[in-house]
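What the coordinates show
Listed below, chain by chain, are the residues.
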Amino acid sequence: MMRILLLVLLFFSGNVFGQNCINSDFSLGDFTNWQGFTGMNPQSGEGPCCPYAGIVPGRHTIISSSTTDPNTCNNLTVPPNGQPFCARLGNDDIGAEAEQLIYTFSVDATNSVFIYSYAVVLEDPGHSITDQPFFSVIVYDSVNTVIDSTCGLYEVYSASGIQGFQTCNAGYDPVVWKDWTTVGIDLSGHIGQTINIVFTTFDCALSGHYGYAYIT
């Protein structure tokens, strides 16, 4: 249904959110109003992406102290500047793991422009493309149709030379990563509907390389 692989960093900005978007930016310091899921990279042959519901410490993690991500050669700041919290989706463990975070809200006049930011960090072992670590953000309307294929759908597999990504060569395999990037989606045509924003990360399908994300 939805696919997200590799190392990823994610961020939400809630400057136009109304009461229907409580804690969409993790301002409560926890996962209130978020759904967490875990599973395996479907390409691994170990099952579907994320059938197991529940927040799993270490795979869904709130970050509250300013730091830098070592897998980006300490060039990625988390939480992003000016934000007190972010969530990490996934981790730098291995094992073909997959994780999801889903936020659901009703669109009204106070939140009809949804703004999110993400940063992606992917280990690049050079496997065939569908076996690589992967990340995605998908925004669905009330009938599970993707909203705005330009802004409501983002999928990336790890690879060299991805536009907008940088490379860190601090480990055995390079890590490709994308700094915080902000996207806005106009939901004014969906007022009164329920919207689902789905973030997914996959490790590589061969179990030896990681993928994760940060969100706030």
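The structure contained in this document is the topic of the report that follows. This structure is a prediction, so every number in the text was calculated from the model and none was measured.

Observations regarding the sheet that holds strand β3 (residues 52–53)
- Read from one edge of the open sheet, 6 strands run β3-β2-β8-β14-β10-β11, paired in antiparallel fashion. In this open sheet, the two strands that pair with only one neighbour each are β3 and β11 (153–157).
- Relative to strand β8 (residues 97–106), strand β2 (residues 34–40) runs antiparallel, the two being bridged by 7 bridges. Each residue of the ladder has a partner; that of W34, found in β8, is Y103.

Brief notes about the environment of Y154
- If you trace the backbone, Y154 turns up in strand β11.
- Y154 gets classed as buried once you look at its relative accessible area, which sits at 18%.
- C-alpha of Y154 to C-alpha of F135: the two residues are 19 residues apart in sequence and 8.0 Å apart in space.
- Beyond its immediate sequence surroundings of up to four residues, Y154 is in contact with Y118, V120, F135, S136, V137, F165 and K178.

As for the nonpolar core
- Of all hydrophobic cores here, the largest spans 31 residues; its most connected members are F105 and F135.
- Contributing elements (two or more residues each) for this core: β7 (86–91), β8, β9 (113–123), β10 (134–140), β11, β13 (175–186), β14 (194–202) and β15 (211–215).
- When residues of this core are assigned to their parent elements, the largest contribution, 5 residues, is made by β9.
- Core analysis: the second largest hydrophobic core is formed by 13 residues, C86, V121, C168 and W180 among them.

What about the pattern of salt bridges?
- Under the criterion given, the structure shown has 2 salt bridges.
- R59 is the partner of E97 in a salt bridge, and the nearest nitrogen-oxygen pair spans 3.8 Å. Residue E97 is located in strand β8, and its partner R59 is located in the loop between β3 and β4 (60–63); the two are separated by 38 residues in the primary sequence.
- Among the salt bridges present, the one from E99 reaches R59, with a minimum N-O distance of 2.9 Å. Highlighted residues: E99 in strand β8 and R59 in the loop between β3 and β4, separated in sequence by 40 residues. The pair E99 / R59 is uniform in exposure class, with both members buried.
- Look at the salt bridges and you will find they share partners, linking R59, E97 and E99 into a network.

Cut-offs and rules
The written sequence of each chain sets the order in which its residues are numbered from 1. Given that this is a predicted model, residues contribute local features only at a pLDDT of at least 70 and side-chain atom pairs are listed and counted only at 80 or more, while totals for whole chains, interfaces and linings are drawn from all residues. The basis for every side-chain value is the complete set of heavy atoms in the structure, and neither hydrogens nor water enter the calculation. What makes two strands pair is DSSP finding at least two bridges between them. We count a stretch as a helix when DSSP gives it H or I for four or more residues in a row; a strand needs E for two or more, and each element gets its number in order from the N terminus. Burial classes follow relative accessibility: with a 1.4 Å probe on protein chains only, a residue under 20% of its type's maximum area counts as buried, one over 50% as exposed, and anything between as partly exposed. Whether two residues are in contact is decided by their heavy atoms, any of which lying within 4.5 Å being enough. Only buried residues count toward a nonpolar core. Its members are Ala, Val, Leu, Ile, Met, Phe, Trp, Tyr and Cys residues joined through side-chain atoms within 4.5 Å. In what follows, salt bridge is the name for a side-chain nitrogen of Lys or Arg lying within 4 Å of a carboxyl oxygen of Asp or Glu.

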